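Chain residues, written in single-letter form:
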Amino acid sequence: MNTNIWILNHYASDMYFDHGGRHYNFAKNLRRAGYAPVIFGANSKHGKAERFFETDALWEEHVAEEIDTPFVFVRARTYTGNGKQRVLNMIDFYRNVKKAAKEYAAQHGRPDVIFASSVHPLTLVAGIQLAKQFGVKCVCEVRDLWPESIVVYSDRFTKDNPLIKLLYRGEKWIYKKADALVFTMEGAYDYIVKQGWEKEIPRSKVHYINNGVDLEQFDYNKEHFRVEDPDLNDPNVFKTIVEKEKDFDVHGGVTYSDGGKNSHHPVDSNSYWLGFDCGHYGDEIDVDQAVEYKLISPEVEPIMRMKEGLFGGHAMTADETESECKKLADQVADLLEE
C-alpha cells in the first residue's frame, strides 16, 4: 500500500492548469518514488472574482493525469484587491480545508503524512491540527521568515511592537508543533538560535529544500528549443555587447540579456534583448502596480505586501520605466554604430 502524502497549499490550484510549480514537481517525483500525493488548494482564483470550477460544493477533485495526482479544490470566497475579503478568503480556506480533508479521508482513506506549506501561516496551523486529528506527522514548509522580514526593514515595527510579539509567538508555536520543518532558504536554524528557541526546536527537525531545477525539463528544453543565431555565435559581436553592458547608464545597470533568432525568450522573436530591473534594494515597492502588470505571483504578493512602505525609497512608475527603456535603446543604438 502506497504512503498517502497530503500537500496543503492555499495557492497550489494554479499548478493544476500550469502543469508546473514547486508542489506540482514534488507530487510528480513523489509519485515516481512510489508515494501517493494529493494536493489541496483553494477553488478561488487569486485576486479575481472568479473560481476555477463553478461549484458551490465544499470540495471537488480533479486529477492531473500527466502526474497521476488528485487536486482537491476547496471552497473559499472570491476577492479582489488586498483588503478584508482577502483575509476572509484565507480564513475560509483554513476552515474549509479541514472539513474537506475529513470528507476526503472518509472516501479515499486517511493520510500518512501531511505537508502544509505557507504563504499564510493559517495553512500551517490547519496542517498541524489535521495531523493531530488523524494521528499522523505534519511537515510545515516555511517560505518566508515572518515577522522577521518586517522587523529587519522597518523602523516603525520593532520587536517590542505588540503585534510583532504576537506574530513571533505564533511563529514559534508552529515551529514547535510541527514534526519537521522545511525552509526554502539556507541558514534557517541560525535564525532559530538567534531567536533563542533552540532548546525547544532541535536542529534535527529543521531541513532545507530550495526550489531547485527540474533537470529533466531542462534537458528537454535544451534539446527541443535550440537557438541558432549568427550574431550570438559571432564572438566579435557578442564580446562587444558584453564588454559594454557595464557602461550602460540605466537604473541599476543591465541585469537581463537573452533572445536571438527564433528565440522564445522573453517573447517569440528574432531579436536580442537587454533589460534592467525597475526595482532594486532600497527602491520602494509598489505592489498594486506589480499585481496590475502581473510581475509577481499570487504566492509572492503577501510577502511583498509585508514589505511595502518599509524601504523609504522611490517606486518607479510605468512612465519612468518606459523612459529608462528608451534611454537604454538609444545607448544600444549608439554602441552598434561604433
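See the structure shown above.
Residues numbered from 1 in each chain as written. Predicted model: local features only at pLDDT ≥ 70, side-chain atom pairs only at ≥ 80, totals over all residues. Heavy atoms only, no water.

Caption draft 1: Representation of the sheet that holds strand β1 (residues 4-8). The mixed open sheet is built from eight strands, whose spatial order is β3-β4-β2-β1-β5-β6-β7-β8. Edge positions in the open sheet fall to β3 (59-64) and β8 (206-208), since each of these has one partner strand only. For this sheet, the mean angle separating the axes of adjacent strands, direction not counted, is 25 degrees. Pairing of β1 with strand β2 (residues 36-42), which is carried by five bridges, proceeds in the parallel orientation. (Pairing = 2+ DSSP bridges. Helix = DSSP H or I, 4+ residues; strand = E, 2+ residues; numbered from the N terminus. Axes fitted to C-alpha atoms, helices over the stretch in contact; angles between N-to-C directions.)

Caption draft 2: A look at empty space enclosed by the protein. Scanning the model with the defined rule gives one cavity of 30 Å³ or more in all. Volume-wise, the largest cavity comes out at about 60 Å³. Together, His10, Tyr11, Ser13, Asp14, Ala42, Ser44, Lys45, His46, Phe52, Tyr79 and Asn89 line the largest cavity. When the residues that make up the lining of the largest cavity are grouped by side-chain class, the tally is four nonpolar, five polar and two charged. (1 Å grid on protein atoms, 1.4 Å probe; cavity = no way out; pocket = protein on both sides within 12 Å on 5 of 7 lines; lining within 4 Å. Points joined across faces, edges and corners; volume = space filled by probe spheres on them. Nonpolar A, V, L, I, M, F, W, Y, C, P; charged D, E, K, R; others polar.)

Caption draft 3: Spotlight on the nonpolar core. Grouped together as the largest cluster of nonpolar side chains are 48 residues, with contacts concentrated most on Trp6, Phe40, Ile114, Tyr175, Phe183 and Ile192. Contacts of isoleucine 114, omitting those with residues within four sequence positions, involve Trp6, Leu8, Gly127, Leu130, Ala131, Phe134, Val136, Lys137, Cys138 and Val139. (Core = buried A, V, L, I, M, F, W, Y, C linked by side-chain atoms within 4.5 Å. Buried < 20%, exposed > 50% of the residue type's maximum accessible area, 1.4 Å probe, protein only. Contact = heavy atoms within 4.5 Å.)

Caption draft 4: The pairing of strand β7 (residues 180-183), seen in detail. Burial along β7 is two-sided: the face carrying Ala180 and Val182 and the face carrying Leu181 and Phe183 are both buried. Pairing of strand β6 (residues 137-142) with β7 involves four bridges; the strand directions are parallel. The residue of β7 that forms the bridge with valine 142 is phenylalanine 183. Here β7 pairs with β8 via three bridges, running parallel. Its bridge partner lying in β8, valine 182 is registered against histidine 207. What joins β7 to β8 is helix α7 (residues 188-195), and the crossover it makes is right-handed. (Right-handed = clockwise from strand over helix to strand, strands pointing away.)

Caption draft 5: Representation of the packing of aromatic side chains within the structure. Applying the stated criterion across every chain yields a total of 20 aromatic pairs. Arranged with centres 5.7 Å apart and planes meeting at 75 degrees, the rings of tryptophan 6 and tyrosine 104 form a pair that is edge-to-face. Separated by 98 residues along the polypeptide, tryptophan 6 in strand β1 and tyrosine 104 in helix α3 (residues 84-108) bring together distant segments of the chain. The pair formed by tryptophan 6 and tyrosine 104 is uniform in burial state, with each residue classed as buried. Note on tyrosine 220 and phenylalanine 225: the rings are 6.5 Å apart at their centroids and 70 degrees apart in plane angle, and the pair reads as edge-to-face. The class of phenylalanine 225 is partly exposed, set by a relative accessible area of 42%. (Phe/Tyr/Trp six-rings, centres within 6.5 Å; stacked < 30°, edge-to-face > 60°.)

Caption draft 6: Structural detail: the environment of threonine 317. Position of threonine 317 among the secondary structure elements: in the loop between α12 (301-307) and α13 (318-337). Spatially, the C-alpha atom of threonine 317 lies 8.2 Å from that of glutamine 289, the residues being 28 residues apart in sequence.

Caption draft 7: Spatial organisation of the pattern of salt bridges. Scanning all chains against the criterion turns up 16 salt bridges. Between lysine 28 and aspartate 214 there is a salt bridge whose closest N-O contact spans 2.8 Å. Here the residue lysine 28 occupies a position in helix α2 (residues 22-32), and aspartate 214 occupies one in the loop between β8 and α8 (215-224), the gap between them amounting to 186 residues. For lysine 28, a relative accessible area of 13% corresponds to the buried category. Put simply, glutamate 200 and lysine 172 hold a salt bridge, and the shortest N to O gap is 2.7 Å. (Salt bridge = Lys/Arg side-chain N within 4 Å of Asp/Glu carboxyl O.)

Caption draft 8: Quick peek at the packing of helix α6 (residues 162-177) against α7. Contact geometry for α6 and α7: axes closest at 13 Å, N-to-C directions at 125 degrees. As judged from the angle between their axes, α6 and α7 are oblique. α6 and α7 meet at a crossing whose hand is left-handed. Listed contacts from α7 to Tyr168, Glu171 and Tyr175 of α6 are Tyr191, Ile192 and Gln195. (Parallel < 35°, antiparallel > 145°, perpendicular 65-115°, else oblique. Left-handed = near helix turned anticlockwise from the far one by under 90°.)

Caption draft 9: The arrangement of the side chain of lysine 205 in detail. Tracing the backbone through its elements, the reader meets lysine 205 in the loop between α7 and β8. The side chain of lysine 205 is buried and forms no salt bridge, while aspartate 179, the nearest opposite charge, is found at 6.6 Å. Reaching out from lysine 205, the side chain makes a polar contact with the backbone oxygen of alanine 178 at a distance of 2.5 Å. Not counting residues within four places of it along the chain, the set of residues in contact with lysine 205 comprises Tyr175, Lys176, Ala178, Asp179, Ala180 and Leu181. (Lys, Arg positive; Asp, Glu negative; His and termini not counted. Polar contact = N/O pair within 3.5 Å; in protein donor to acceptor, adjacent residues only side chain to side chain.)

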